[in-house]
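Residue-level structural notes
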Amino acid sequence: DSQTVGAGSNPMLGNLLANAIAHTQRGGVLLAARRRAGGVVLEVRDTGRGVEAEPLKRLFEPGFQVPGATREGGSGLGLAIVERLAQSLGHEVEVWSRPERGSVFRLLTGSSTGHACASPGAASGAWKAGAARLVRSRPRRHPAPGAMRR
């Protein structure tokens, strides 16, 4: 929903955009938003160096930094913060990355979570071959109906 996107997504988008800008030496960074399946899909695309499949699995671990990353001085906490905030809000974070082509980070809110989205650049097929994907979904748990009543 748009209220959750506005209230909870600013720190997440800030971290995603800061990472994309810091790791993009050539090309650019694109921020997109669209309504999908009762929620909102926010997407940060970059033309940075991309991430291999193995390091991609650890991308959201606190303190982890991709070996050989071009950015120096980062703490490795930005994506861990994104994941924790997404978890607390019941959002889902997806990452597509292709070495030497860049990365796409998606934040799915509301009922758009759990719905598969087409791969980035699916129309052109540019991302289909060689892209690694990671989905981090730990939606907020709600008490069972009636559990809070006495």
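Relevant structure appears above.
To keep things clear, this report deals only with the structure shown in the data block.

Rules used throughout
- Residues numbered from 1 in each chain as written.
- Predicted model: local features only at pLDDT ≥ 70, side-chain atom pairs only at ≥ 80, totals over all residues.
- Heavy atoms only, no water.
- Pairing = 2+ DSSP bridges.
- Helix = DSSP H or I, 4+ residues; strand = E, 2+ residues; numbered from the N terminus.
- Expected span 1.5 Å × (residues − 1).
- Buried < 20%, exposed > 50% of the residue type's maximum accessible area, 1.4 Å probe, protein only.
- Core = buried A, V, L, I, M, F, W, Y, C linked by side-chain atoms within 4.5 Å.
- Contact = heavy atoms within 4.5 Å.
- Salt bridge = Lys/Arg side-chain N within 4 Å of Asp/Glu carboxyl O.

Sheet analysis places strand S1 (residues 29-36) next to strand S2 (residues 39-46), joined by 8 bridges and oriented antiparallel. In the sheet register, Ala33 faces S2, and the bridge partner there is Leu42. In textbook terms, the turn of a hairpin is the stretch between consecutive antiparallel strands, and for S1 and S2 this stretch comprises 2 residues, one of which, Ala37, has a positive phi near 50°.

Let us look at the environment of Val95. Within the fold, Val95 resides in strand S3 (residues 92-98). In this structure, the C-alpha to C-alpha distance between Val95 and Phe105, residues 10 residues apart in sequence, is 4.6 Å.

Here the focus is helix H3 (residues 78-89). An α-helical turn contains 3.6 residues, so a residue and the one three or four places further along point in the same direction. In this model H3 runs 17 Å from its N-terminal to its C-terminal C-alpha over 12 residues, within 8% of the 16 Å that 1.5 Å per residue would give. Of the positions making up H3, those classed as buried are Gly78, Leu79, Ala80, Val82, Glu83 and Ala86.

Turning to unusual backbone geometry, a few remarks are in order. The residue Glu100 is not glycine, and still its phi comes out positive at about 65°. The residue Glu100 is located in the loop between S3 and strand S4 (102-108) in this model.

Right, let's talk about the nonpolar core for a bit. Nonpolar side chains in soluble globular proteins tend to end up buried together. By size, the foremost hydrophobic cluster in this structure holds 20 residues, and its most contacted members are Leu59, Phe60 and Phe105. Mapped by element, the contributors of at least two residues to this core are helix H1 (2-22), S2, H3, S3 and S4. Sort the elements by how many residues they give to this core and H1 lands first, with 4 residues. Every residue in contact with Leu59, bar those within four places of it in the chain, is listed here: Phe64, Val66, Leu79, Val95 and Phe105.

Moving on: the pattern of salt bridges. On inspection of all chains with the given rule, the structure shows 6 salt bridges. A salt bridge links Arg34 to Glu43; the shortest N-O distance between them is 3.4 Å. With a relative accessible area of 2%, Glu43 lands in the buried category. Arg58 is the salt-bridge partner of Glu61, the closest N and O atoms lying 3.0 Å from each other. Using a relative accessible area of 32% as the deciding quantity, one classes Glu61 as partly exposed. Ionic contacts of the salt-bridge type, sharing partners, join the residues Arg34, Glu43, Arg45, Glu94 and Arg106 into one network.

So, on to the pairing of S2. Of all 8 residues in S2, 7 are buried, a share of seventy percent or more. Here S2 runs beside S4; their pairing, made up of 6 bridges, is antiparallel. Directly across from Glu43, in S4, lies its bridge partner Arg106.

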